[in-house]
Amino acid sequence: MYMGKYQTEREKIRKFIESKLGKRLREDQEDLKILSEGDLQSCVYHHLSDFFKKKKFSRWFILNKLPMGKKQDTKKIPDIVIARMDGEQTGNVRPIFLIELKETEKYKEKAVEQDIRKLAGLIQKYKKLKACFFVYSVYDDKLNSEEILEKIKVVRDKYLERNQKRSKIFSIPINAVHEIKPPHSLDIWRKKRQKLRKFRQ
């Protein structure tokens, strides 16, 4: 099936986020680069920007904290919006992908619910969105990434009833605690992370 330039670039971006972004963020977590939600946003922006630059995507833009909505009191602000300009120099700018970010010490269902509800509301309002991504960085000794993913799916299904809309939210849990391997020592890594996190507060 033939795909035009827009569709080809769009699917490359989707594939990068779904298959590679999580791995790179997990490496950032292991290297103690993610100690807050702000750190997570910086890392996500860096990886996306680097990918766009390598692919020479001239019409695609990564926007941080973009207010979406006409009325001030009803505007929702996704953490990252990936948008595309229709023309090379001028043209309409359309949001294509949304990314919501969350970083907590342990898995927190209320925090997940808050962001999933936000994405669900934006999906309802912006019918032409191609996908939304929920990236959750968490350091949880009891739950691994797969178990966290299953919990997020339960929350997602609660707020999105139709399967078609559910498929628009792709979740990426990041939890390096269960994947620390030599030369890293898990105990030393934990102590370093706790000191750095405390220093940030």
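Analysis parameters
Residues numbered from 1 in each chain as written. Predicted model: local features only at pLDDT ≥ 70, side-chain atom pairs only at ≥ 80, totals over all residues. Heavy atoms only, no water. Patch = residues over 30% accessible without salt bridge, like charges linked within 9 Å, V, L, I, M, F, W, Y side chains within 5 Å. Areas by Shrake-Rupley, 256 points an atom, 1.4 Å probe, with all protein chains shown as cover. Salt bridge = Lys/Arg side-chain N within 4 Å of Asp/Glu carboxyl O. Lys, Arg positive; Asp, Glu negative; His and termini not counted. Charge placed at Lys NZ, Arg CZ, Asp CG, Glu CD. Helix = DSSP H or I, 4+ residues; strand = E, 2+ residues; numbered from the N terminus. Axes fitted to C-alpha atoms, helices over the stretch in contact; angles between N-to-C directions. Parallel < 35°, antiparallel > 145°, perpendicular 65-115°, else oblique. Left-handed = near helix turned anticlockwise from the far one by under 90°. Contact = heavy atoms within 4.5 Å. Nonpolar A, V, L, I, M, F, W, Y, C, P; charged D, E, K, R; others polar. Pairing = 2+ DSSP bridges.

1. Structural notes on a positive patch on the surface
- Taken together, the side chains of Lys12, Lys15, Lys20 and Lys55 define a basic patch exposed on the protein surface.
- When residues in the positive patch are grouped by element, the largest group, three residues, is from helix H1 (residues 5–30).
- Within the secondary structure layout, Lys12 lies in helix H1.

2. Describing the packing of helix H3 (residues 109–125) against helix H4 (residues 145–159)
- Contact pair H3 / H4: the axes reach a minimum separation of 9 Å and the direction vectors enclose 40°. As far as their axial angle goes, H4 and H3 are oblique. In the crossing of H3 with H4, the sense of the turn from one axis to the other is right-handed. Only Ile152, Val155, Arg156, Lys158 and Tyr159 of H4 make contact with H3, whose side of the interface consists of Glu109, Val112, Glu113, Ile116, Arg117 and Ala120.
- For the contact of H3 with H4, the class distribution of residues is six nonpolar, no polar and five charged.

3. What about the sheet that holds strand S1 (residues 60–64)?
- Read across the sheet, five strands follow the order S1-S2-S3-S4-S5 without closing on themselves; strand pairing throughout is mixed. Only two strands of the sheet have a single partner each, and these edge strands are S1 and strand S5 (169–174). Each adjacent strand pair in this sheet contributes to an overall mean axis angle of 20°, direction not counted.
- Together, S1, strand S2 (80–85), strand S3 (93–104), strand S4 (131–138) and S5 form the strand contacts of H1, whose direction differs from that of S5 by roughly 20°.
- Here H4 sits on the sheet in contact with S4 and S5, set at roughly 145° to S5.

4. Brief notes about the packing of H1 against helix H2 (residues 37–55)
- Between H1 and H2, the shortest axis-to-axis distance is 10 Å and the interhelical angle comes to 135°. Classified by the angle between their axes, H1 and H2 sit oblique to one another. Between H1 and H2 the crossing geometry is right-handed. Across from Lys12, Ile13, Phe16, Ile17, Leu21, Arg24, Leu25 and Asp28 in H1, the residues of H2 making contact are Leu40, Cys43, Val44, His47, Leu48, Phe51 and Phe52.

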